[in-house]
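A closer look at the structure
Read off the chains here:
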Amino acid sequence: KSLQWSISPYLFGLIIFATNEILEYIVPLVSSFDRFKTTTELNIATGTRIAVAQCFNMIVPIWIINRVSFNDVSLAEFSKDLYIIAIITFFLPLIVRFINPQHLLKEKQRKILLEQHECEITQAEANAIFEDPEVHIPTLYGHMIRILLFCCLYVVMSPGIGVIGF
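Residues numbered from 1 in each chain as written. Predicted model: local features only at pLDDT ≥ 70, side-chain atom pairs only at ≥ 80, totals over all residues. Heavy atoms only, no water.

For the rest of this paragraph, the subject is the overall build of the protein chain. Each helix and strand counted, the protein chain has seven helices and zero strands in total. The N-to-C order of helical and strand elements in the protein chain reads α-α-α-α-α-α-α. Taken across its 166 residues, the protein chain has 34% of its residues classed as buried. The contacts of the protein chain with a sequence gap of at least 6 include a subset with a gap of at least 24, amounting to 75%. For the protein chain, the exposed surface amounts to about 10900 Å²; the carbon and sulfur share of it is 66%. (Helix = DSSP H or I, 4+ residues; strand = E, 2+ residues; numbered from the N terminus. Buried < 20%, exposed > 50% of the residue type's maximum accessible area, 1.4 Å probe, protein only. Contact = heavy atoms within 4.5 Å. Areas by Shrake-Rupley, 256 points an atom, 1.4 Å probe, with all protein chains shown as cover.)

Given below as structure tokens:
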């Protein structure tokens, strides 16, 4: 019997990815209201909160759909769709960060600026064009911890998840 999702696992993975991207912006805003002695403590708390929020965003919907809709579905069929969701939610954020539209726009601006022989821009504008994209360490930390938690939860049911995640 084929697994009948109310939505496809590809769309489900994209919805989880989009929600995780939103959480990456909301959680640091909420964490900024906390008082910490150092920036490191703030970054660790923010990264941990991002990881937990994103992990629950991945685990709870998959668990609910499995319990409500798939009582008679085999483990192999569920594992196949779990692999699809894991691959989408693990690797799509990395691809999006690698193909950063803001960075590509800055590269284009740099190329145009360097081709001009005479240019009249301020130092602040030049710095803005030539600086690299900002790296938000708590988000990267949260992404790693989320993958680890997801793999630890589902590796018993689908051993290949551990290979994908680690």
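Moving on, we get to helix α4 (residues 101-115). Think of an α-helix as 3.6 residues a turn; residues three or four steps apart then line up on the same face. With 15 residues, α4 extends 21 Å between its outermost C-alpha atoms, agreeing within 8% with the 21 Å of an ideal straight helix rising 1.5 Å per residue. Among the residues of α4, K106, R110 and L113 are the ones counted as buried. Along α4, the residues classed as buried sweep out an arc of 70° about the axis, all on the same side. Opposite the buried face of α4, by more than 90 degrees, sit the exposed residues P101, L105, K111 and E115. The inward-facing, buried residues of α4 abut α5 (123-130). Measuring from the backbone nitrogen of Q102 back to the side-chain oxygen at the start of α4 gives 3.1 Å, which picks out N100 as the cap. (Expected span 1.5 Å × (residues − 1). Arc of directions from axis to C-beta. Polar contact = N/O pair within 3.5 Å; in protein donor to acceptor, adjacent residues only side chain to side chain.)

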